[in-house]
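One-letter residues, chain by chain:
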Amino acid sequence: MSDLIRSSVLTGYRALVTRLGGDPLALLHRFNIDPEALERHDTPICFRAVIRLLEASAQTLGCADFGLRMACEQDLRILGPVAIIGLNSPTVGDALKAMIEHLAFYCPMVLTKIDTVAGERGMLTYGIAVEGE
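Here the structure is a predicted model, which is why all the values come from computation and not from measurement.

Visitor: How do you make sense of the nonpolar core when you look at a structure like this?
Guide: One finds Leu 10, Tyr 13, Ile 33, Phe 66 and Tyr 106 to be the most contacted residues of the largest nonpolar core, which totals 33 residues. For this core, the secondary-structure elements that each account for two or more residues are helix H1 (13-19), helix H2 (24-30), helix H3 (47-61), helix H4 (66-72) and helix H5 (81-87). Looking at this core element by element, the count peaks at seven residues for H3. Excluding residues within four positions of it along the chain, Tyr 13 makes contact with Pro 24, Leu 27, Leu 28, Leu 38, Leu 53, Leu 54, Ser 57, Phe 66 and Met 70.

Visitor: Explain the packing of aromatic side chains to me, please; I cannot follow it from the model alone.
Guide: Using the criterion set out here, one finds one aromatic pair in the structure. Taking the centre distance of 6.0 Å and the plane angle of 75° together, the rings of Tyr 13 and Phe 66 count as edge-to-face. Taken together, the residues span a long stretch of sequence, with Tyr 13 in helix H1 and Phe 66 in helix H4 at a distance of 53 residues. Here Tyr 13 and Phe 66 have matching classes, each one buried.

Visitor: Explain H3 here, please?
Guide: Note: α-helices contain 3.6 residues per turn, so residues at a spacing of three or four share the same orientation. The terminal C-alpha atoms of H3 lie 21 Å apart, and with 15 residues this matches the ideal 21 Å at 1.5 Å per residue to within 8%. Three or more residues of H3 are buried, namely Phe 47, Ala 49, Val 50, Leu 53, Ala 56, Ser 57, Ala 58 and Leu 61. Just downstream of H3 lies Gly 62, where phi reads positive at about 60°.

Visitor: Sorry if this is basic, but what is going on with the environment of Ser 89 here?
Guide: Residue position: Ser 89 is located in the loop between H5 and helix H6 (92-101). Separated by ten residues in sequence, Ser 89 and Met 99 place their C-alpha atoms 9.5 Å apart. Residue contacts for Ser 89: discarding those within four places in its chain leaves Asp 94, Ala 95 and Ala 98. A polar contact is formed between the side chain of Ser 89 and the backbone oxygen of Ile 85, at a distance of 2.8 Å.

Calculation rules
- Residues numbered from 1 in each chain as written.
- Predicted model: local features only at pLDDT ≥ 70, side-chain atom pairs only at ≥ 80, totals over all residues.
- Heavy atoms only, no water.
- Core = buried A, V, L, I, M, F, W, Y, C linked by side-chain atoms within 4.5 Å.
- Buried < 20%, exposed > 50% of the residue type's maximum accessible area, 1.4 Å probe, protein only.
- Helix = DSSP H or I, 4+ residues; strand = E, 2+ residues; numbered from the N terminus.
- Contact = heavy atoms within 4.5 Å.
- Phe/Tyr/Trp six-rings, centres within 6.5 Å; stacked < 30°, edge-to-face > 60°.
- Expected span 1.5 Å × (residues − 1).
- Polar contact = N/O pair within 3.5 Å; in protein donor to acceptor, adjacent residues only side chain to side chain.

Set out below in C-alpha cells:
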C-alpha cells in the first residue's frame, strides 16, 4: 500500500507554527515536504514524513498538544472527496460508515474496519490501523 496522504492534512500548519514562534519552512524542509504542497490540498505527500514533522514540531516548539491545536485549525474539508460523501449522506450513521469505508482515498496507509454490534441500534464501532505499524 502507498505511503501517501493528501497534503490537506497540513492545513493550518504554517499559521500554527508561526503563532508558536517557530519557522514552518525550516521544519517542512527538514522532512523533505515541499511547502508548495500545502497550497495544493490534493498533493500526495509522504505519510511517515508528516508524522515525523508533527512530532518534531511539538518537540521543537515545546507544545505537547500540537496535534490537538492542528485539529482546531481544520475541518471536514481536509478529507476532500471523502467529506463530500459524508456531507451528502442521509444520516449521521450513514455518513460515518461511508467515510470510514472510503478513507483510503484520503490516505491509503490507513486501513479501516467497521464492526456492527448486533442488537444495538445506532451503534457503529470501527478500528483504524496504519499499514506496516
